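What follows is the residue order along each chain.
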Amino acid sequence: MLIPETFSAAWSLALSGEALTIHMHPTVLVGATVLICAMLAGVGYQLSKRKTIAIRRTGLELNSTPDYYGWYAVVAMFMPAAFASVVILTLETTNVLDVPNTVVVASWIVLPLVALALVMRRISAKLNARVLVERVIYAVLLGAALISILTTAGILLSVLFESVRFFEQVNVFEFLTGTTWSPGGAFLEGAGRGDEQGTETEFGAVKLFYGTLLITAIAMLVAAPLGLLSAIYMSEYASKRVRRLTKPILEMLAGIPTVVYGFFAAITVAPLIVDATSAFGVSTSYQNAIAPGIIMGVMIIPFMSSLCDDVMSSVPQNIRRASYAMGSTKAETVKKIVLPAALPGVISAFLLSVSRAIGETMIVVMAAGYQANWSPLNGSTTVTVHIVANMTGDKEYDNLQTLSAFSLGLTLLLMTLALNVISAVVIRKFRQRYEGD
Amino acid sequence: MSQPDAFNQAPSSAERDPRWARESLRLRRRYAKDKRFRFYTVLALLIAFAFLAVFLIDLVRRGAPALRQAEILTEIAYTPDTLEKPLNAFPEDTRDLVSDTVRWAVRSEVGWAEVTARVHFTEQVKEDPSNAIVDMKLTTDDLPFLFDGLTIPREHMLQLIDPSELGRLQQELISDPSLMGKNERVILRGSPALQQFLTDSTGLDEAVVEGAGRLDESDLAGMRFNAEKFGEGKSVEQWVLAHHDVDQYLKGYKYMKPESYPDPELAPITPEMAKRIDRLYDEGKIRLAFNHYFFTNGDSKTPETAGMWPAIVGSVMVLGIVLLLCLPIGVLTSIYLEEFAPDNIVTQTIEVNINNLAAIPSILFGVLGLVAFVTFGEWMGWGNLRTTAIVGGATLALMTLPVIIISTRAALRAVPDSIRRAGHAMGATRWQVVVHHVLPASISGIMTGSIIGLAQAMGETAPLIIVGLVAFVPEAPTGPVDPTTVMPAQIFSWWGMPQRAFQERAALAILVLLAVVFILNAIALVIRARSEKSW
């Protein structure tokens, strides 16, 4: 009689998520649930382990050690709850059902308890708990490893998806070869003010690429010789004691955050350069390309140095000794024997450093500007600066200006991936195989 | 040939044999080249170190001044006049030298705003006290020149009333039920917005301004002097924060000196002010005290009260989340790849993938974080997760994951195979060998790798800028879904502020950040050195 009414009332109550939602700070709620689950897990583990030990005392031979039965119980308790959460997640993201958080919390408490009761009955000497538990462990491990694939896929998809939307409206060729970059007009056009002065919206990225390459070139001019030479010192000349002192200092240089480098470049180095050039009567912008270039080079020195050091240390001692036996000096050995042997590694290190320089953001955001010019003495900009500029602030994904940031991101991704791949190929193909390798 | 004696040496080989002479010259040139080459390599290393030294010295030079802050010993006169003009609380010779924040503090200290509102006690008031406030009708009794009368809607009135008053009204009704049904005008304490409006005509929305103005005209709203505290008027002498221009002048920065302006009278510190400041300094009425605000306050629009405490808390929280996410997944992935993975195409893909991830520019992780986590949060109806610690932590976790995986794998590989084989020989399964033998043996390597990864994550700014953690965050976060900022982001936003006094604070924040990063790296080094195990 009352059953259909109560049932429909309960059902509509459940569907109107609001009535059953626990109003608690989310962190507290999650923390409390986790704590309760941990306690339940402990209880389940102990119960089944004790039962198993009791079985063993009766003389039966177990298939696995007792703690495996404990873990079996824990796994069995929480698998249904995890599965239920996945189902709830899909329901919510596809907006089929809005599940109140009471249900979620309850599922993590009630389901494990129910599962525990069922599992306890299944525990017997014949149950091969170890195999079952280890299968689950293997699945968990594989799942963890696949997260990295998910991440790459995520980056690729998020950048690709929006870039495709960008290139639907902007010609790819114009993007790659045009020399004017002024996306600002897009914002005004979106607001219906496209007829105003100076709203020529153009997405020619050549100047941005040029800026990136210019600053990268300056950086590598600093980093390549200093990095390689210091690596040679560390691997050929330095004693153990010197190495123990200098390695940490180089690692210190590597650990400095890029925002700190950017601050230094903008506040100290750029004015220095402006003053230095004005002594020669040349006027330089405060946002020139030289300051970020030099600082970026210094940032890359430890990277290049440690890579080259590893490469050169792995050249076997016997060819060095053969060279000494012929009467060469150390310098000649290094220049004519060791370096050519290590060349693929050094080239690969160089390419990886270039890749790092291209992707660097903070130093250029703080020390370079938004204007792209041809001369390194005038204002300069890079691809990464514009990604940041167009992605911060209120993002409306339909806005062409914001979408342009994604297309720049795609270009950046492709450039760095290409450099990494070439670097790996260089190592693999040209690595010299030594005796006993 | 000459005979050997005290002045002539024996004839050298060079003189005896011309071929040897040429060889010896070549040899000397080669040795010289060798020496020069070695010199160049040492020079390269020294240049790198010299840069580090110059860099650190410059930062310390720029940041150390921020440890101190100028303060002025001045009289503050809390009188009824101060209500209208808080500036008048200060004597003339310090009035233009104190920080803007002190003026606002005086204003809120000397009294409060009051407003007359119409209150109607009904049943609904017990549930939600704002129901007590109803529309306020102004008639010609209130304002003789008001021709048509004016009704101020209750939504506007609610903006003018201090929220604590609503709770008080609710309590009154509950404790005295005879109030039920009463509908009358009551004087209530005004909101901070009303207080600001009454002082400098700002702080209220356009729509509310008219009503508030009328209330002010009709004396139904106004400031009231805190006579309980100050009696007829009291004058206290205390140290207050100086204006940041005074602070910069006192610290000797060239740009603040009046001489560096084309027209010194238009400088922020005019020559007259400069003389006054110097005089007060000599009298001991101005001093440079320890800047404790830097370590206790949050971000602020005025440099003198800006601090980095929320940034520190935010950094710790974000790094905690990074650790929580990265360590389990990273270690599990490494265990899989090192101990369990079969040599097939899936494994190779995963390995190539991880190596590529380690080399992707950090800004692209920010793009992923923005698209994935922020829009995901919106879908799920969790609100805008843009500036929160959890999104920042998740983004950085993805970025640090490859680093941790690579270093953990190296640590696992360093454990010799003989240990594993011994375990298998005793009948253990692969998993048992890993958990009971390989992991404990490699734990120091794993810790070293994670600490270094954390230190890198601590300094990352670019992805967090995209995900929105560079916002104005004046309060420390209390949970992972509160607006957060991190130390490098705070440095970045201070660097971009117009007032130059922020630059020295940015430099000091950099020193704090560097200290933390160096300490973390040092801990990692110590762990690595301590655990040089010999197998």
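Here the residue numbering is sequential within each chain, running from 1 through the sequence in written order. To read the labels, note that chains go from A and ligands from 1, taken in the order they are written. Given that the model is predicted, a residue must reach a pLDDT of at least 70 before its local features are reported, and side-chain atom pairs must reach 80 or more before they are shown or counted; all residues, however, enter totals for whole chains, interfaces and linings. Excluded from the side-chain calculation are hydrogens and water; included are all heavy atoms of the structure.

1. As for the domain arrangement of chain B
Part 1 of the reasoning: Segmentation into domains, and thus their bounds, comes from an automatic or database assignment. The domain boundaries assigned to chain B delineate domain 1 (80–230) and domain 2 (309–530).
Part 2 of the reasoning: Its C-alpha centre places domain 1 of chain B at a distance of 50 Å from the equivalent point of domain 2 of chain B.

2. Comments concerning the domain arrangement of chain A
Part 1 of the reasoning: Entries for chain A in the domain assignment read domain 1 (23–131) and domain 2 (206–430).
Part 2 of the reasoning: Each of domain 1 of chain A and domain 2 of chain A was reduced to a C-alpha centroid, and the two centroids are 52 Å apart.

3. Points about the sheet that holds strand β1 (residues 68–78) of chain B
Residue and element names in this part refer to chain B.
Part 1 of the reasoning: Only when DSSP finds a minimum of two bridges between them are two strands counted as paired. Going along the chain from the N terminus, every DSSP run of H or I of four or more residues is numbered as a helix, and every run of E of two or more is numbered as a strand. Taken in spatial order, the three strands make up an open sheet running β7-β1-β8, and their pairing is antiparallel. Each edge of the open sheet carries a strand with a single partner, namely β7 (234–241) and β8 (286–290). Looking at each pair of strands side by side, their axes are set apart by 35° on average, direction ignored.
Part 2 of the reasoning: Sheet topology note: the β1/β7 ladder contains eight bridges and is antiparallel. Axis lines are fitted to C-alpha atoms, over the contacting stretch for helices. Their N-to-C directions set the angle, which ranges from 0 to 180 degrees.

4. Some points on the packing of helix α10 (residues 258–279) of chain A against helix α2 (residues 18–63) of chain B
Part 1 of the reasoning: The geometry of α10 of chain A relative to α2 of chain B is characterised by a closest axis approach of 11 Å and an angle of 75° between their N-to-C directions. It follows that α10 of chain A is roughly perpendicular to α2 of chain B by the angle criterion. Here α10 of chain A contributes Val260, Tyr261, Phe263, Phe264, Ile267 and Thr268 of chain A to the contact with α2 of chain B, which in turn contributes Phe51, Val54, Phe55, Asp58, Leu59 and Arg62 of chain B.
Part 2 of the reasoning: Just so you know the grouping, Ala, Val, Leu, Ile, Met, Phe, Trp, Tyr, Cys and Pro go in nonpolar, Asp, Glu, Lys and Arg go in charged, and all remaining residues, Gly too, go in polar. Here the contact of α10 of chain A with α2 of chain B is composed, by residue class, of nine nonpolar, one polar and two charged. For classification, angles of less than 35 degrees are called roughly parallel, those exceeding 145 degrees roughly antiparallel, those between 65 and 115 degrees roughly perpendicular, and all remaining angles oblique. Any two residues whose heavy atoms approach within 4.5 Å are treated as being in contact.

5. Some details on the environment of Leu280 of chain B
Residues and elements named next belong to chain B.
Part 1 of the reasoning: Its location among the elements puts Leu280 in helix α13 (residues 271–282).
Part 2 of the reasoning: Accessibility here uses a 1.4 Å probe with only protein chains present; expressed as a share of the type maximum, an area under 20% marks a residue as buried, one over 50% as exposed, and anything in between as partly exposed. Judged by its relative accessible area of 2%, Leu280 falls in the buried class.
Part 3 of the reasoning: C-alpha separation for the pair Leu280 and Arg38, spaced 242 residues apart in sequence, amounts to 60 Å.
Part 4 of the reasoning: Contacts of Leu280, omitting those with residues within four sequence positions, involve Asp93, Thr94, Leu97, Lys285 and Ile286.

6. Thoughts on unusual backbone geometry
Part 1 of the reasoning: Positive phi outside glycine occurs at Asp219 of chain B, with the angle close to 60°.
Part 2 of the reasoning: Note on placement: Asp219 of chain B falls in the loop between α10 (206–217) and β6 (221–225).

7. Looking at the sheet that holds β6 of chain B
Residue and element names in this part refer to chain B.
Part 1 of the reasoning: The strand order β5-β2-β6 describes an open sheet built from three strands, whose pairing is antiparallel. Each edge of the sheet is formed by a strand with only one pairing partner; in this case those strands are β5 (183–189) and β6. Each strand of the sheet is rotated relative to its neighbour by a mean of 30°, with strand direction disregarded.
Part 2 of the reasoning: With five bridges joining them, strand β2 (residues 111–120) and β6 adopt antiparallel strand pairing. Bridge pairing in β6 places Gly111 opposite Phe225.
Part 3 of the reasoning: Contacts from helix α5 (residues 100–110) reach β2 and β6, with the element oriented near 50° to β2.
Part 4 of the reasoning: Against the sheet, helix α9 (residues 192–200) touches β2 and β6, its axis set at about 120° to β2.

8. Comments concerning the packing of helix α8 (residues 206–237) of chain A against helix α13 (residues 330–359) of chain A
All names here are of chain A.
Part 1 of the reasoning: Between α8 and α13, whose axes approach to 9 Å, the crossing angle comes to 140°. One way to sum up the angle between α8 and α13 is to call them oblique. For α8 against α13, the interelement crossing comes out right-handed. Contact residues: α8 offers Thr212, Thr216, Met220, Ala224, Leu228, Ile232, Glu236 and Tyr237, while α13 offers Lys330, Ala331, Val334, Val338, Leu339, Val346, Phe350, Ser353, Val354, Ala357 and Ile358.
Part 2 of the reasoning: A breakdown of the residues in the contact of α8 with α13 according to their chemical character gives 14 nonpolar, three polar and two charged. By convention, the crossing between two helices is left-handed when the near helix turns anticlockwise from the far helix through less than a right angle, and right-handed when the turn is clockwise.

9. Observations concerning the pairing of β1 of chain B
Part 1 of the reasoning: Here β1 of chain B pairs with β8 of chain B via five bridges, running antiparallel. Across the sheet, residue Ala70 of chain B finds its bridge partner in β8 of chain B, namely Leu288 of chain B.

10. Things to note about a positive patch on the surface
Part 1 of the reasoning: A patch consists of residues whose relative accessible area exceeds 30% and which take part in no salt bridge; residues with like charges are grouped when within 9 Å of each other, and nonpolar side chains (Val, Leu, Ile, Met, Phe, Trp, Tyr) when within 5 Å. Residue exposure ignores everything except the shown protein chains as possible cover, and the areas themselves are Shrake-Rupley values with a 1.4 Å probe. A pair is scored as a salt bridge if a Lys or Arg side-chain nitrogen falls within 4 Å of a carboxyl oxygen belonging to Asp or Glu. Lys and Arg are tallied as positive, Asp and Glu as negative. Neither His nor the chain termini are counted. Charge positions are represented by NZ for Lys, CZ for Arg, CG for Asp and CD for Glu. Among the surface-exposed residues, Lys335 and Lys336 of chain A together with Lys33 and Arg36 of chain B lie close enough to one another that they form a single positively charged patch.
Part 2 of the reasoning: Among the secondary structure elements, those contributing two or more residues to the positive patch are α13 of chain A together with α2 of chain B.
Part 3 of the reasoning: Note that Lys336 of chain A resides in helix α13.
Part 4 of the reasoning: With relative accessibility at 60%, the residue Lys336 of chain A sits in the exposed group.

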